[in-house]
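Spelled out, the chains give:
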Amino acid sequence: QNLGTKKETMGASCIQRQRQQFKQQEAAKLPPKLSEELNSIMEGGLWNLKACARGCDQDVNLIVNDNKIMVLKRGSRRHLAHSMLAAKLLESSSVPIPHVVCGDAKGNSGIAGWGYLVETAACGEEMWLVYGDLSAETREGIWMHLGELMATFHNIKMIGYGDVGFDGKGAHERYPGVPSEDLDGFLKAEVVSLEEMKALKSYLQSEKVIRMNRNVVESVMIHADLEMDNLFVDRKAAKISAIIDWADLQCGPRSEDFARLYCRLHEDPKCWKALLDGYSKLATPPSIKEIELRTVELLLWLLPGKRDAANKNEDNGIGTKKQLVEDFRRCKQLLLSIVAPR
């Protein structure tokens, strides 16, 4: 497949942004063995590395030549192991995720202590870049399709709960109860008032919440980061074309994946219904009460960071200052509406 065709499948906006904003890196920075593997994968043609994303646990680059576009990820052993396990578990499924061409979580990537993997580039357009241009009908179709895909990978049973270890099992034998450590940290962060904190504690220590966590027995494959920047779309077909970044792979109740989506879609009932309708084609979605509980647990972790981002007088590359402030306000209001006495 030539590069011109590949541009179309990946989405012109994505490629243009990458080429305009990402600085070229020297291939000499890679260790010899990895450079040889990339030469083989790129079929001997001259190729360049273009920086795509950098974080505390992962460095992502595009590998580009006239014939191909691939993705090189260098990161912590745990995150790479998660990505490789997800690719293996979903290899024969209908869930569209990048195909891992090669990788070594313990290998020499050129960055101390980090391994590497090479995977195919995602097809389609990045959802967060084009969402504002999509019609209401297209949006609903995309969320419905995501619901179907979630039901598909939630059908994969796991052992244990929480972070997936190198043995493919969850770190905990039982599902965690009241998140007391998160609650202490949340209190110190001063995200809410003392009165609001009382309502939060009362909710989390209520018998209904304790019972819901005590009754968790199912453990399934959880993506754990279903944000728009990890979703690629085919707007003509109104479908998800790729789900990327499985580095935070978890195992636990399916309601955990719904929590992030509820944070975004609770104010858009038609799209939320479309997601649930798509999921219901293949499986029974969790109850709204359980989704709300997982949302509260998630926001205990997310809100301090969202508050800090909103307080900075700058954009963060994904959202403007105004959008960051609104995102924090919206998520805080969601938290308080769930825990408010009823």
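Residues numbered from 1 in each chain as written. Predicted model: local features only at pLDDT ≥ 70, side-chain atom pairs only at ≥ 80, totals over all residues. Heavy atoms only, no water.

## Thoughts on the overall build of the protein
Note the cut-off: Put simply, DSSP H or I for four residues or longer makes a helix, DSSP E for two residues or longer makes a strand, and each gets a number counted from the N terminus. Partly exposed residues are those whose accessible area sits between 20% and 50% of the maximum for their type, while under 20% is buried and over 50% is exposed, using a 1.4 Å probe and protein chains only. Whether two residues touch is decided by their heavy atoms; if any such pair falls within 4.5 Å, the residues are in contact. We get accessible surface area from the Shrake-Rupley algorithm with a probe of 1.4 Å; when it comes to residues, only the shown protein chains can shield them.
When you go through the protein residue by residue, the secondary structure sums to 13 helices and 13 strands. Residue burial in the protein is summarised as follows: out of 342 residues, 50% are buried. Sequence-distant contacts, at least 24 apart, represent 70% of the contacts inside the protein between residues at least 6 apart. Approximately 17100 Å² of the protein is accessible, and the part contributed by carbon and sulfur atoms is 50%.

## Examining unusual backbone geometry
If you check the backbone angles, Ala224 has positive phi at about 75° while not being a glycine. By secondary structure assignment, the location of Ala224 is in the loop between strand S10 (220-222) and strand S11 (231-234). Looking at Ala224, the relative accessible area reads 22%, which means it is partly exposed. For Ala238, which is not a glycine, the phi torsion comes out positive at approximately 55°. Using a relative accessible area of 16% as the deciding quantity, one classes Ala238 as buried.

## Examining helix H8 (residues 194-204)
Note the cut-off: For this quantity, the arc is that covered by the directions from the helix axis to the C-beta atoms.
Three or more residues of H8 are buried, namely Met197, Leu200, Tyr203 and Leu204. Burial along H8 is one-sided: seen end-on, the buried residues are contained in an arc of 120°. Relative to its buried face, H8 has exposed residues pointing more than 90 degrees away, namely Leu194, Glu195 and Lys198.

## Describing the pattern of salt bridges
Applicable threshold: Salt bridges are identified by distance alone: a Lys or Arg side-chain nitrogen within 4 Å of an Asp or Glu carboxyl oxygen.
Scanning all chains against the criterion turns up 22 salt bridges. Linked by salt bridges that have partners in common, Asp225, Glu227, Arg260 and Arg264 make up one network.

## Overview of the pairing of strand S6 (residues 115-120)
Regular strands show a simple pattern: their side chains alternate between the two faces of the sheet. What counts, and what does not: Strands were regarded as paired on the criterion that DSSP finds at least two bridges between them.
With five of six residues buried, S6 lies mostly within the body of the structure. The pairing of strand S4 (residues 69-75) with S6 spans six bridges and is antiparallel. Counterpart to Lys73 in the pairing with S6 is Leu117. Where strand S5 (residues 100-104) lies against S6, four bridges are found, and the strand directions are antiparallel. By the bridge assignment, Gly103 is partnered in S6 with Leu117.

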